[in-house]
Every structure is written in C-alpha cells, then in structure tokens.
Amino acid sequence: MDRNKQRSEISGQKGIIVWLTGLPGSGKSTLASSLEARLLEMKKLAVILDGDILRKGLNSDLGFSDADRNENIRRVAELAALFKDASVITIVAFISPFRKMREFARIRARNDFIEVFVRASLETCIKRDPKGMYRKAINDQIKDFTGITSPYEEPEFPDLTIDTEKLSVEESTDLLLNTVLKYTDKLAE
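No experiment lies behind these values; they were computed from the predicted model shown.

This part takes up the overall build of the protein. Helices and strands together make up the secondary structure of the protein, namely eight helices and five strands. Taken from N to C terminus, the helices and strands of the protein fall in the order α-β-α-β-α-α-β-α-β-α-α-β-α. Seen through its C-alpha atoms, the protein measures out along the principal axes to roughly 55 × 35 × 30 Å. Counting only residues that meet the buried cut, the protein has 46% of its 189 residues in that class. A fraction of 77% describes how many contacts in the protein between residues 6 or more apart in sequence connect residues 24 or more apart. Carbon and sulfur atoms make up 52% of the accessible area of the protein, which totals about 9,900 Å². Put simply, the protein has 30 plus and 30 minus side-chain charges, and the middle of one group is 2 Å from the middle of the other.

And the structure:
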C-alpha cells in the first residue's frame, strides 16, 4: 500500500498545501492563523509555515536578493510537500514574489495545492505597515523590499483571491475554509 494513502487513512484526512501569497501587510499571516484555528477546531490536522518565522530559523542564512528569495521558496516548498505527504493541511504564508517559484511549489506538491492571492493595494499595505518595514524601505533603510524596490508578480490564475480591503478576517476565513474543505473532499473521493 502507498505510504501517503496509509497516512491519510490513519489521520482521516488528505494533505494539501494552501499557499497564501501577497504583498507585505496584505493579511497573509492573519488569515493563516485564523484558518489554522478553524481547522483545528474541526479536528483537522493543520500547520502554518510563516515567512517571518522561517526567515529567523531554517532560512536565516538567506538575504533578499532574487537568488536568495528563490532559495527561500524552494526550501519552503520542499518542507510543505513533506507535511502534505504526511496528510497535514499545510498553510504557507509567504510573500513569494515570483510566479515561477509559486509554480515550482505547485509542481512539488503534485497539484495538491491551492494558490491564494491575498489582495490588498500597495497603498493599503503601506498604511497598515504592521512592522514599520514600508516606512524603512521608503526611507532607503531597507533594500530589496517587495512592493517598493523589489517586484511582486501577482498570480495570473490563482485558485482563490481574497481581497482584504473588502472582506473582514472572518469573511475571508470563511471563504478560505470553504475552499479548503471542498478541495480536501475532492481528494478523499
């Protein structure tokens, strides 16, 4: 018997990667945390891989050049695929600015993957600026900052778009949860 199938039978669920991408301050980490809480309440095994946290540990040796950003996403995609293969609903909250690396993550997940574009305008993200990073980037204190001095390539065909300027955290989480449950139900068939 296939080990991934055995894991699914033991855990009672299929693994999937839910990849949240968007500008800094768009709401990725907030939505990831809210989704994880809802899934755990439903007795679904879930984990968050958050860019800010992994940058302090697993990826602490990387900077913000394009090559380092690609390596950052490559490592996270590999880690997420391992969790997914262990039947965990893996929520990835990373800026992941380049389309080609998000596509790499989808391929690595063998298409058990939901790309979620967490949309908020640059102006809104600058106003939110929860960590003061935009202010520093605008004042030339940070180089290679996504949205200011480094590009962000919006997804062309995301599986889901959540506009955090128009939807509350609860509304966004409901939409995200419904999408995840529909997808995991399809996998179980």
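A word on the side chain of K84. Here K84 is to be found in helix α4 (residues 66–85). On the basis of relative accessibility, which here comes to 5%, the residue K84 falls in the buried class. A distance of 2.8 Å separates the side chain of K84 from the side chain of D85, its partner in a polar contact. Those residues within four positions of K84 in sequence are excluded, and the remaining contacts are G15, I16, I17, T90, A109, R110 and D112.

Turning next to the pattern of salt bridges. Applying the stated criterion across every chain, the model contains 13 salt bridges. The salt bridge partner of D85 is R110, with a shortest N-O separation of 2.7 Å. Residue D85 is found in helix α4, and its partner R110 is found in the loop between α5 (99–108) and β4 (113–119); the two are separated by 25 residues along the sequence. A salt bridge links E103 to R106; its shortest N-O distance comes to 3.9 Å. Of this pair, E103 and R106 are both found in helix α5, three residues apart, which corresponds to roughly one turn of the helix.

Read from one edge to the other, the open sheet built from five strands follows the order β2-β3-β1-β4-β5, with strand pairing classed as parallel. Each edge of the sheet is formed by a strand with only one pairing partner; in this case those strands are β2 (46–50) and β5 (160–163). With strand direction ignored, the average angle separating the axes of adjacent strands in the sheet is 20°. Here strand β1 (residues 16–21) pairs with strand β3 (residues 89–93) via five bridges, running parallel. Of the residues in β3, the one forming a bridge with V18 is I91. Across the sheet, α4 touches β1, β2 and β3, and the angle it forms with β1 is around 150°.

Counted by the stated rule, this structure contains three aromatic pairs. Both rings, one in F117 and one in Y152, keep their centres 6.3 Å apart while their planes meet at 20°; by these two values the pair is stacked. Highlighted residues: F117 in strand β4 and Y152 in the loop between α7 (133–138) and β5, separated in sequence by 35 residues. Across the pair, Y152 and F117 agree in class, each one buried. Note on Y134 and F145: the rings are 4.9 Å apart at their centroids and 80° apart in plane angle, and the pair reads as edge-to-face. Here Y134, found in helix α7, pairs with F145, found in the loop between α7 and β5; they are 11 residues apart in sequence, far enough to count as distant.

The rules behind the values
- Residues numbered from 1 in each chain as written.
- Predicted model: local features only at pLDDT ≥ 70, side-chain atom pairs only at ≥ 80, totals over all residues.
- Heavy atoms only, no water.
- Helix = DSSP H or I, 4+ residues; strand = E, 2+ residues; numbered from the N terminus.
- Buried < 20%, exposed > 50% of the residue type's maximum accessible area, 1.4 Å probe, protein only.
- Contact = heavy atoms within 4.5 Å.
- Areas by Shrake-Rupley, 256 points an atom, 1.4 Å probe, with all protein chains shown as cover.
- Lys, Arg positive; Asp, Glu negative; His and termini not counted.
- Charge placed at Lys NZ, Arg CZ, Asp CG, Glu CD.
- Polar contact = N/O pair within 3.5 Å; in protein donor to acceptor, adjacent residues only side chain to side chain.
- Salt bridge = Lys/Arg side-chain N within 4 Å of Asp/Glu carboxyl O.
- Pairing = 2+ DSSP bridges.
- Axes fitted to C-alpha atoms, helices over the stretch in contact; angles between N-to-C directions.
- Phe/Tyr/Trp six-rings, centres within 6.5 Å; stacked < 30°, edge-to-face > 60°.

Function cannot be read off these values alone, since they describe shape.
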